[in-house]
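Each chain, letter by letter, is given below.
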Amino acid sequence: MSATDGSLSGGDMSVGHVEPQGGLTVAFCATLKRDLVLMLRRRSEVMNPLVFFAIVITLFPIGISPDPQLLAAIAPGLLWVAALLAALLSLDSLFRADYDDGSLEQLLLTPQPLALLTLAKVAVHWLLTGLPLALMAPLLGIMLALPAGSYLVLALSLALGTASLSLIGAIGAALTVGLSRGGVLLSLLVLPLYIPVLIFGAGAVQAAILGDGIMAHLAILGALLSLALCLAPWAIAASLRISING
Amino acid sequence: MWAFINKLRSPKWFYAISARLQPWFWAAALLLIGTGTIWGLAFAPADYQQGNSFRIIYVHVPAAFLAQSIFVSMAITGLVFMVWKIKICDMAAAMMAPLGAAMTFIALFSGAVWGVPTWGTWWMWDARLTSMLILLFLYLGVIALRGAFTSRDSASRAASVLAMVGVINIPIIKYSVDWWYTLHQPATFTITGRAAMPMEMWAPLLIMVLGFYSFFIALTLTRVRSEILRRESNKHWVRELAGETR
C-alpha cells in the first residue's frame, strides 16, 4: 500500500513538475525575477554604466572649458549623449551570460512566445541601467550648471528615452551575441538607430531651459517608446533565433 | 505571381534569364548616362544664381535617389528571403549593399563639393546631409554585420533583419532630423533652382536618374550572376557550364 502510495504521489509530483501551472504571466514574472536577482548579485555590472556616465561628464569641463555659461549651453546634449553611451556600454552583456551558459537556448525552447520573454529581460535592463541613469542625471546636471527648472524634465526624458534605447539596443545585442567580438559592431549597428531618441530627449531639456512647451517632445518620446514596444520584441526574438541556430 | 516566385528559387533559371536581360540594362545605362552627362554638362543652361556649379546636380540627385532606393530594395529582398527562403534575394541584397553605400558616399561627397561654391563651406549640419550621413552608417552596419558571421546562413538572416529594422527607422530618422534642424537653425540656405527648374535643366536630370537606375539593375544582375557561380560552384550545372567554357 505504502509503496503504491509513494509511487502515486511521486507520479503526481513528477507530473506537477513537468507541467507547471500558469501560462505567460508566470513565465514573464519568472524571467523578470530571475534576471533581477542575477543582475543584483553582480553589483559591479550595475554600477559600471553609472560610473562611466559620471566620468564622461567629468571629462567635458576638463576638455572644453570650466566656464559655467558655456557648460550650461551644452549641458542637455552632453548629459544625453553620455547617458546614451553609458546605456550602450551595458548592452553587450544583456544576453551574453545567458548565451554562454546555455540558458538562452532554454528560453528559446519554452512554449511561451519568445518575444514577450525577451521583453522581460529588456525591462530588467532598463530598470537597472536606464532608470538609475535617469535618476543620476540631475546630479551631474548640477555639476554642468544646468539651468534650474529643467532637472525634472531631464530625468523624465531620460527615463522615457532609455526605455526605447534598451529596446532598440536589445535588437543589436541579440544580433551580435553569437559573435566573439561583437562589442564594437554592436555600437556601429545601434547608434544610428538611437538618433531620433537623442534628438527628442535632448530637445525636451532644451525646450525646458528656453521655457517652451515640453509636452510635444515628451509625447514623441512616448510615441517612439510605444512603437519600439510593439515592434522591437519581434525583431529581438528573430535575432536571438538567428544567433542561437547559427 | 506564385509561379514567378517559385521560379526564383532556381538559381539556374535566374542565371539563364539574367543573361538575356543583362545586356539591355547595360546598354540602357550607358546610353542614358552618356546622353544625360553630355546634355547636362554641355547643353543645359547655366543657373542664373549658381552659374555652372549647379551641374553637380546631375550626379548628386541620381546618387541620392539610388542611395535611398537601394536600402529599401535591400529590406524588401531581405523580407522575401526570410519569408520564402529564396537564395537569389539574399544574394541580391548582399551585392546591393556596397553599391548603396558607395552611392550614399557619392551623394555626400558631391553635396560637399557643391557646398563650397553655394554655401561657402564643405559641410553644413543640414537636415538632408545629416540624414544621408546616418544612412551611410546604416549601410556600413549592414555590411559589417554580414561580414562578422562565419556561417553564411546566419549572416544572411541577420543582415536581412537589420535591413528591415533600418528601413522602419529611416522615415523616423528623417523626420526627427528635419525637426531637429528646424529647432537648431533656420533654413538660411535653400538650394535654388530645384523648386522651379526649367525644362532644359530638368530633362537631362530625369535621363540621368533613369540611367543610374539602369546601371544599378545591370550591375546587380552581373554581380548576382557571379555570386551564383561562386555559391553554387559545387552544383552539377555550374561545373558543366565551366567545362563548356573551358
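Residues numbered from 1 in each chain as written. Chains lettered and ligands numbered in written order. Predicted model: local features only at pLDDT ≥ 70, side-chain atom pairs only at ≥ 80, totals over all residues. Heavy atoms only, no water.

If you look chain B up in an unreviewed UniProt entry, it shows as Heme exporter protein C from Billgrantia campisalis. According to UniProt, the comment filed for chain B under the heading Sequence similarities (unreviewed entry) is "Belongs to the CcmC/CycZ/HelC family." In the Function (unreviewed entry) part of its UniProt record, chain B is described as follows: "Required for the export of heme to the periplasm for the biogenesis of c-type cytochromes." (UniProt positions renumbered as here; feature names shortened; annotations may be inferred.)

Taking an unreviewed UniProt entry as the reference, chain A is identified by name as Heme exporter protein B belonging to Billgrantia campisalis. The Subcellular location (unreviewed entry) comment attached to chain A in UniProt states, word for word, "Cell inner membrane". UniProt, in the comment section headed Sequence similarities (unreviewed entry), describes chain A in these words: "Belongs to the CcmB/CycW/HelB family."

Undergrad: Would you take a moment to explain the overall build of chain A for this structure?
TA: Assigned secondary structure in chain A consists of ten helices and zero strands. Listed N to C, the secondary structure of chain A is α-α-α-α-α-α-α-α-α-α in terms of helices and strands. When the backbone C-alpha atoms are referred to their principal axes, chain A occupies close to 85 × 35 × 30 Å. Counting over 246 residues, chain A shows a buried share of 49%. Look at the contacts in chain A between residues 6 or more apart in sequence, and 82% of them connect residues 24 or more apart. With the model as given, the accessible surface of chain A reaches about 11400 Å², and the carbon-plus-sulfur share is 71%. The average position of the 9 basic charges and that of the 12 acidic charges among the side chains of chain A differ by 4 Å. (Helix = DSSP H or I, 4+ residues; strand = E, 2+ residues; numbered from the N terminus. Buried < 20%, exposed > 50% of the residue type's maximum accessible area, 1.4 Å probe, protein only. Contact = heavy atoms within 4.5 Å. Areas by Shrake-Rupley, 256 points an atom, 1.4 Å probe, with all protein chains shown as cover. Lys, Arg positive; Asp, Glu negative; His and termini not counted. Charge placed at Lys NZ, Arg CZ, Asp CG, Glu CD.)

Undergrad: How should the interface of chain A and chain B be read in this particular structure?
TA: In many reports, interface size means the accessible area that the parts give up when they come together. With 24 residues of chain A in contact, the opposing surface of chain B contributes 26 residues. Between chain A and chain B lies a buried interface of about 2200 Å² when both sides are counted; carbon and sulfur atoms form 87% of it. Counting across the chain A and chain B interface gives zero salt bridges. Across the contact surface, chain A and chain B share zero residue pairs in polar contact (both at pLDDT 80 or more). The set of elements that each furnish at least two residues to the side of chain A that touches chain B consists of helix 8 (151–176), helix 9 (183–210) and helix 10 (215–245) of chain A. (Buried area = accessible area lost by both parts, 1.4 Å probe. Salt bridge = Lys/Arg side-chain N within 4 Å of Asp/Glu carboxyl O. Polar contact = N/O pair within 3.5 Å; in protein donor to acceptor, adjacent residues only side chain to side chain.)

Undergrad: Mind showing me how you'd approach a nonpolar patch on the surface here?
TA: Residues Phe105, Phe109, Val113, Val116 and Trp122 of chain B make up a contiguous nonpolar surface patch of about 500 Å² in total accessible area. Mapped onto the elements, Phe109 of chain B comes out in helix 4 (residues 87–119). (Patch = residues over 30% accessible without salt bridge, like charges linked within 9 Å, V, L, I, M, F, W, Y side chains within 5 Å.)

Undergrad: I would appreciate a short explanation of the UniProt feature "transmembrane region" (unreviewed entry) in chain A in the present structure.
TA: With numbering aligned to this structure, UniProt lists the feature "transmembrane region" (unreviewed entry) at residues 46–64, 70–91, 126–146, 152–177, 184–209 and 215–240 of chain A. Across residues 70–91 of chain A, helical content stands at 91% and strand content at 0%; the span's end C-alpha atoms are separated by 32 Å.

Undergrad: Is there a simple way to explain helix 9 of chain A in this structure?
TA: Along an α-helix, residues three or four apart share an orientation, since each turn contains 3.6 residues. Here helix 9 of chain A is 28 residues long and its end C-alpha atoms lie 38 Å apart, about the 40 Å a rise of 1.5 Å per residue gives. A positive phi of about 85° marks Gly211 of chain A, the residue just after helix 9 of chain A. (Expected span 1.5 Å × (residues − 1).)

Undergrad: Just to check I follow, could you spell out the packing of aromatic side chains for this structure?
TA: Two aromatic rings are characterised by how far apart their centres lie and by the angle between their planes. Residues and elements named next belong to chain B. Taken as a whole and assessed by the stated rule, the structure comprises seven aromatic pairs over all chains. Each ring, one from Trp26 and one from Phe215, has its centre 6.0 Å from the other, and the planes form 70°; the classification is edge-to-face. With Trp26 in helix 2 (residues 11–43) and Phe215 in helix 7 (residues 199–231), this pair connects stretches of sequence that are 189 residues apart. Taking the relative accessible area as the measure of exposure, Trp26 reaches 28% and is therefore partly exposed. (Phe/Tyr/Trp six-rings, centres within 6.5 Å; stacked < 30°, edge-to-face > 60°.)

Undergrad: I would appreciate a short explanation of the UniProt feature "transmembrane region" (unreviewed entry) in chain B in the present structure.
TA: Residues and elements named next belong to chain B. In this numbering, the UniProt entry assigns the feature "transmembrane region" (unreviewed entry) to residues 21–44, 56–84, 96–117, 129–149, 161–181 and 201–221. Annotated as residues 96–117, this span is 100% helix and 0% strand, and its ends, taken at the C-alpha atoms, are 33 Å apart. With 95% helix and 0% strand, the stretch residues 129–149 has end C-alpha atoms that lie 31 Å from each other.

Undergrad: Where do I start with the environment of Ile86 of chain B in this structure?
TA: Relative to the helices and strands, Ile86 of chain B is located in the loop between helix 3 (57–84) and helix 4. Those residues in contact with Ile86 of chain B that lie beyond four places of it in its chain are Ile5, Leu8, Arg9, Val80 and Phe81 of chain B.

Undergrad: Any chance you could explain the packing of helix 3 of chain B against helix 5 (residues 127–148) of chain B here in plain terms?
TA: Residue and element names in this part refer to chain B. Relative orientation of the contacting elements helix 3 and helix 5 amounts to 40°, with a least axis distance of 11 Å. As summarised for this structure, helix 3 and helix 5 are arranged oblique, according to the angle between their axes. The element helix 3 and its partner helix 5 pack so that their crossing is left-handed. Residues Ala64, Leu66, Ala67, Gln68, Ile70, Phe71 and Met74 of helix 3 lie in contact with helix 5, whose contacting residues are Met132, Leu135, Leu138, Tyr139 and Val142. Class assignment of the residues belonging to the contact of helix 3 with helix 5 gives a composition of eleven nonpolar, one polar and no charged. (Axes fitted to C-alpha atoms, helices over the stretch in contact; angles between N-to-C directions. Parallel < 35°, antiparallel > 145°, perpendicular 65-115°, else oblique. Left-handed = near helix turned anticlockwise from the far one by under 90°. Nonpolar A, V, L, I, M, F, W, Y, C, P; charged D, E, K, R; others polar.)

Undergrad: Honestly, the confidence of the model for chain A in this entry has me stumped. Any pointers?
TA: Low pLDDT marks regions whose predicted coordinates should not be analysed in detail. Residue and element names in this part refer to chain A. Looking at chain A, pLDDT values average 87 and 91% of them are 70 or higher. When mean pLDDT is compared element by element in chain A, helix 8 scores highest at 94, while helix 1 (residues 2–18) scores lowest at 42. Confidence drops under pLDDT 50 across residues 1–17; counting only partners more than four residues distant or on other chains, this segment forms zero contacts. (pLDDT = per-residue confidence, 0-100.)

Undergrad: When you look at the nonpolar core in this model, what are you seeing that I'm missing?
TA: Nonpolar side chains in soluble globular proteins tend to be buried together. Judged by nonpolar contacts, the single largest core of 141 residues is most densely connected at Phe53, Phe95, Ile236 and Leu240 of chain A together with Met74 of chain B. A per-element tally of this core places helix 4 of chain B first, with 15 residues. Setting aside anything within four residues of it in sequence, one finds Phe53 of chain A in contact with Leu79, Ala82, Ala83, Ala86, Leu133, Met136, Ala137 and Leu140 of chain A. (Core = buried A, V, L, I, M, F, W, Y, C linked by side-chain atoms within 4.5 Å.)

Undergrad: It is not clear to me how the environment of Thr222 of chain B should be interpreted in this structure. Could you clarify?
TA: Residue and element names in this part refer to chain B. Here Thr222 lies in helix 7. Once the C-alpha coordinates of Thr222 and Ala148 are considered, the two residues, 74 residues apart in sequence, prove to be 25 Å apart. Discounting chain neighbours no more than four positions away, the residues touching Thr222 are Gln22 and Trp26.

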